[in-house]
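The chain contents come next:
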Amino acid sequence: MTDARMILLNPGPVTLTDRVRKAMSRADWCHREPEFAALSKDVNRRLANLYPGSRREFAAVSMTGSGTCAVEAMLSSLAPRDGVTMIVANGVYGERMAGMLDAQGKRSICVQSEWLEPMALAEVEKHLEEEPAIAAVAAVHHETTTGRLNDMNALGRLCKAHGCPLLLDAVSSFGAEEILFDEWNVQALAGTANKCLHGVPGICFVIVDREVLERSQSQANSVYLDVFRYFKTQDDDGYSPFTQAVQAAFALQEALIELEESGGWRERRSRYRSIAHSIQDTAASHRVDTLLAPQEYSSVLWSYVLPEGVAYPELHDSLKREGFVIYAGQGHLGSRIFRIAHMGDIRDSDVERFQAALTSFFG
Ligand SMILES: *Cc1c(COP(=O)(O)O)cnc(C)c1O
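Remember, predicted model here, so these are calculated numbers, not experimental data. (Residues numbered from 1 in each chain as written. Predicted model: local features only at pLDDT ≥ 70, side-chain atom pairs only at ≥ 80, totals over all residues. Heavy atoms only, no water.)

## Comments concerning the site of the ligand
Every residue close to the ligand is listed here: Ser-66, Gly-67, Thr-68, Tyr-93, Arg-96, Val-140, His-142, Thr-144, Asp-169, Val-171, Ser-172 and Lys-195. One nitrogen or oxygen atom from the side chain of Thr-144 is found 2.5 Å from an oxygen atom belonging to the ligand. Take Lys-195: an N or O atom from its side chain is 2.8 Å from an oxygen atom of the ligand. For the ligand, whose free accessible area comes to 380 Å², the fraction covered by protein is 86%. Elements that contribute at least two residues to the shell around the ligand include exactly helix 3 (67-78) and helix 4 (92-103). For the shell around the ligand, a count of residues per class yields three nonpolar, six polar and three charged. (Near = heavy atom within 4 Å. Polar contact = N/O pair within 3.5 Å; in protein donor to acceptor, adjacent residues only side chain to side chain. Areas by Shrake-Rupley, 256 points an atom, 1.4 Å probe, with all protein chains shown as cover. Helix = DSSP H or I, 4+ residues; strand = E, 2+ residues; numbered from the N terminus. Nonpolar A, V, L, I, M, F, W, Y, C, P; charged D, E, K, R; others polar.)

Quick look at the structure:
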């Protein structure tokens, strides 16, 4: 089992393509040599250009860490020290951002919904109208807790109307869902290498309005989690203030080239959607229901209700014996749901085998 091809249907890390895996076994490079600095600049440029067409110019900085590192660095550097950040939460990751701002000692309000509900936009609007101290809004694009793709068009419109910059956790959407930087008033977003981009864990990144990086003061109360510090050196000559995950950078560069060659985020979204629908067809044929209505989901991950009498570990272990790793629910959803992500090198034949494995379990 350990060396056989394992299909990861969890929300990152992902099943790698052969070419990304090979990229990691290049010669050993030092992160303080010019060849790595050039690679680093190339990776940042590709990240910033994956969504072209914004009227403003954006710059990417990359850091060694997981997705949480990017989110925390974004909030550390850009959530104002002397203002209030409003967090809009409907799951684990929104609530985690509230915890980060608490830990940073910054003022915040959290507009929280039940995990199965959409963002509470009426409440968001009321706060924006009544509280001039709100200087930034933070939200999660794709709430991986349930698979819900949050209505960023609506939230973004409110941010724009009130002149509030949006800080976006795009960790599980960047590379596979539409992101409208201007319409949503995005000031920065956080992402990671090992979800929709199909790289390996170790690198995360923050993409920021270049003008903010060039003209504003960092709000960071951390040395490591200060994107301004990374920007200063990475944007200049490609060097990084701290050791970078060299092999993860090899993998990310290759994964970004592969993504560009295969048609960019739009193609990736339609691939994920097609996998989602195939799996849902099979689930539905065994009366396994989705947790949300199908149109509420991202392309990236869907959640399913465990049928009466089925315990998650049983399902997980049975699928794992067939070479597939699925994902449990979090918190109070832990005993109620299972989740299936569609990221990574998942081939048609893998989908077919997975459908057969579901059928032999539920059938
Ligand atoms: C996965 C995820 C994170 C955290 O990423 P880690 O790599 O686990 O630190 C943050 N936000 C969202 C929306 C995610 O899906």
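So, next bit.
## Details of the environment of Glu-254
Within the secondary structure layout, Glu-254 lies in helix 9 (residues 246-261). Taking relative accessible area as the criterion, Glu-254 reaches 17% and is therefore assigned buried. Residues Glu-254 and Val-20, spaced 234 residues apart in sequence, show a C-alpha to C-alpha distance of 5.7 Å. Looking at Glu-254, its side chain comes within polar contact range of the side chain of Arg-19, at 2.9 Å. (Buried < 20%, exposed > 50% of the residue type's maximum accessible area, 1.4 Å probe, protein only.)

## Overview of the side chain of His-316
As for its position among the elements, His-316 is in helix 11 (residues 312-321). By relative accessible area, which is 18% here, His-316 ends up buried. Polar contacts involving the side chain of His-316 include one to the side chain of Asp-317, which spans 2.8 Å.

## Focus on helix 4
Between its terminal C-alpha atoms helix 4 stretches 16 Å, which fits the 16 Å expected from twelve residues at 1.5 Å a residue. Here the buried face of helix 4 lies against helix 3, strand 3 (84-89), strand 4 (108-112), strand 5 (134-140), strand 6 (142-143) and strand 8 (166-169). Once helix 4 finishes, Gly-105 follows within two positions and takes phi at roughly 70°, a positive value. (Expected span 1.5 Å × (residues − 1). Contact = heavy atoms within 4.5 Å.)

## Considering the side chain of Gln-187
Among the secondary structure elements, Gln-187 is positioned in strand 9 (residues 186-192). If we skip the residues at most four places from it in the chain, Gln-187 touches Phe-58, Leu-78, Pro-165, Leu-166, Leu-167, Ile-207, Val-208, Asp-209 and Val-212.

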